[in-house]
Amino acid sequence: MNKLVFLTTLVSVLYLLSSPYIVLYQMKMAVESKNGASLSEHVDFDSVRENLKGQFKSEVISSSVGNNDAASLAGMALGALFVDKLIDGVVTPSTLIALMSGESEDSKGEGNSSKSTPSNFVPGSFGYESPSKFIFEVQNDDRESVEFTLRRRGITWQLTEVDLPLDQLTKN
């Protein structure tokens, strides 16, 4: 009986420790096959949207710091509203596939994101940041790192954050 309890505990602990790596592999397969439905199973879109809205809004605010005139303040308020609508429409499985495969804005226009061309999903560094937080990075074509955060949801893991490089936020 003690052996059964020990074996069950060992299998449970091994599963819990390896589960983000399993999810990362499943996400890799979904990205490489451009299967948005499969990728969506591992994404908390509401959390990702809120995370990106926060990044873009802080960029809008920091670019307006020092400009206390009425036009700057109105522009900042409109920018915040625009960010909400933009992020709600842009965060989709296909845009996450493009980010995870390292496609830059330039390569998207060259037809590299067609259904027939497999995506190349190669995470750089990855690992636990805490027992409930797992981070991996992907470099895009411009050699900028995009950081993705998986968070434990019970016994499963979901993508909850995408941290874009600051200079990518301010391009064009």
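To be clear, the structure that these remarks concern was listed above.
Residues numbered from 1 in each chain as written. Predicted model: local features only at pLDDT ≥ 70, side-chain atom pairs only at ≥ 80, totals over all residues. Heavy atoms only, no water.

This brings us to the overall build of the protein chain. Each helix and strand in the protein chain was counted, giving 7 helices and 4 strands. A fraction of 58% describes how many contacts in the protein chain between residues 6 or more apart in sequence connect residues 24 or more apart. Within the structure as shown, the protein chain displays about 10000 Å² of accessible surface, and the carbon and sulfur contribution to it stands at 60%. (Helix = DSSP H or I, 4+ residues; strand = E, 2+ residues; numbered from the N terminus. Contact = heavy atoms within 4.5 Å. Areas by Shrake-Rupley, 256 points an atom, 1.4 Å probe, with all protein chains shown as cover.)

On inspection of all chains with the given rule, the structure shows 8 aromatic pairs. Seen from their ring centres, Y21 and Y128 are 6.4 Å apart, and the 70° between their planes marks the pair as edge-to-face. Of the two residues, Y21 sits in helix α1 (residues 2-32) while Y128 sits in strand β1 (residues 126-130), which places them 107 residues apart along the sequence. With relative accessibility at 36%, the residue Y21 sits in the partly exposed group. Exposure remark for Y128: the relative accessible area of 32% places this residue in the partly exposed category. Here Y128 and F134 contribute two aromatic rings whose centre-to-centre distance is 5.6 Å and whose plane-to-plane angle is 90°, an arrangement assigned as edge-to-face. Through a chain of ring-to-ring contacts, the aromatic side chains of Y21, F126, Y128, F134 and W157 assemble into a single cluster. (Phe/Tyr/Trp six-rings, centres within 6.5 Å; stacked < 30°, edge-to-face > 60°. Buried < 20%, exposed > 50% of the residue type's maximum accessible area, 1.4 Å probe, protein only.)

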